[in-house]
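Examining the three-dimensional arrangement
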Amino acid sequence: MTNPVVGIIMGSTSDWETMRHAADRLAELGVAHETKVVSAHRTPQRLYDYAASAAGRGLKVIIAGAGGAAHLPGMAASMTHLPVLGVPVESKALKGMDSLLSIVQMPAGIPVGTLAIGKAGAANAGLLAAAILATGDAELSGRLQAWRAKQTDGVAADPE
Ligand code: RP5
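Source: prediction; values computed, not measured.

Bringing the UniProt feature "binding site: substrate" (unreviewed entry) in the protein into the picture now. If you check UniProt for "binding site: substrate" (unreviewed entry), the listed places come out as Ser-12, Asp-15 and Arg-42 in our numbering. For the annotated residues, spread through 31 residues, the largest C-alpha to C-alpha distance comes to 14.3 Å, consistent with a single compact locus. Within the secondary structure layout, Ser-12 lies in the loop between β1 (6-10) and α1 (16-28). Exposure remark for Ser-12: the 18 C-beta atoms within 10 Å place this residue in the partly exposed category. Apart from residues no more than four positions distant in its own chain, Ser-12 is found in contact with Val-37 and Ser-39. As for its placement among the helices and strands, Asp-15 is situated in the loop between β1 and α1. Judged by the 25 C-beta atoms lying within 10 Å of it, Asp-15 falls in the buried class. Look past the residues within four positions of Asp-15 in its chain and what remains in contact with it is Met-10, Gly-65, Ala-66, Gly-67 and Val-89.

On to the nonpolar core. Ala-22, Ile-63, Leu-72 and Ala-76 are the most contacted members of the largest nonpolar core, which totals 44 residues. For this core, the leading source of residues is helix α5 (residues 119-134), giving 6 residues. Not counting chain neighbours up to four residues away, the residues in contact with Ile-63 comprise Val-6, Ile-8, Ala-22, Leu-85, Val-87, Ala-125 and Ala-129.

Here we take up the packing of α1 against α5. The interhelical angle for the contact between α1 and α5, taken along N-to-C directions, is 30°, at an axis separation of 7 Å. Taken as axis vectors, α1 and α5 run roughly parallel relative to one another. As α1 packs across α5, the resulting crossing turns out to be right-handed. Facing Thr-18, Met-19, His-21, Ala-22, Ala-23, Arg-25 and Leu-26 of α1, the residues of α5 in contact are Lys-119, Ala-122, Ala-123, Ala-125, Gly-126, Leu-127, Ala-129 and Ala-130. Broken down by class, the residue content of the contact of α1 with α5 amounts to 10 nonpolar, 3 polar and 2 charged.

With that out of the way, let us pick up the site of the ligand. Every residue lining the ligand is accounted for by Gly-11, Ser-12, Ser-14, Asp-15, Ser-39, Ala-66, Gly-67, Gly-68 and Val-89. The class makeup of the residues in the shell around the ligand is 2 nonpolar, 6 polar and 1 charged.

Rules of the game
- Residues numbered from 1 in each chain as written.
- Predicted model: local features only at pLDDT ≥ 70, side-chain atom pairs only at ≥ 80, totals over all residues.
- UniProt positions renumbered as here; feature names shortened; annotations may be inferred.
- Helix = DSSP H or I, 4+ residues; strand = E, 2+ residues; numbered from the N terminus.
- Buried ≥ 20, exposed ≤ 12 C-beta atoms within 10 Å, placed from the backbone.
- Contact = placed C-beta atoms within 7 Å.
- Core = buried A, V, L, I, M, F, W, Y, C linked by C-beta atoms within 7 Å.
- Axes fitted to C-alpha atoms, helices over the stretch in contact; angles between N-to-C directions.
- Parallel < 35°, antiparallel > 145°, perpendicular 65-115°, else oblique.
- Left-handed = near helix turned anticlockwise from the far one by under 90°.
- Nonpolar A, V, L, I, M, F, W, Y, C, P; charged D, E, K, R; others polar.
- Near = placed C-beta within 6 Å.

Structure below.
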């Protein structure tokens, strides 16, 4: 089993329906990854342990998804130098606008690469993590380019 290079963390099991789209893209591209539930509010020690050990365990990119008061990506980014991609999960009350605003307005010095709300953001986080890794991995770059070419080929020219 290859050691994971991407860590996908999320604030709740309820986020998995969204975050699995990041995992699916990474699986399609042959990128070893792990998935964990890590809550900034309910399991702060787990978050600290995860972020503090991430680089040492061989992770290269962290994808963090959360909804509502979505502090997970920013807090993870505060405790690791690895790139952190934030996915705002669509919340019931505010449709993910709360999640988006909680993730995107980071103070200068601690960046989080914020994606779109919901499924598209999670899928793109997976693709973006692969693209980051592909800058130093020619085989992965080839797989990513092939994936994108296949997507392009699959777009119909006619609407019906
Ligand atoms: C956040 O609260 C989680 O990321 C999730 O999106 C939201 C709701 O969590 P649950 O109440 O469904 O566990 O921390």
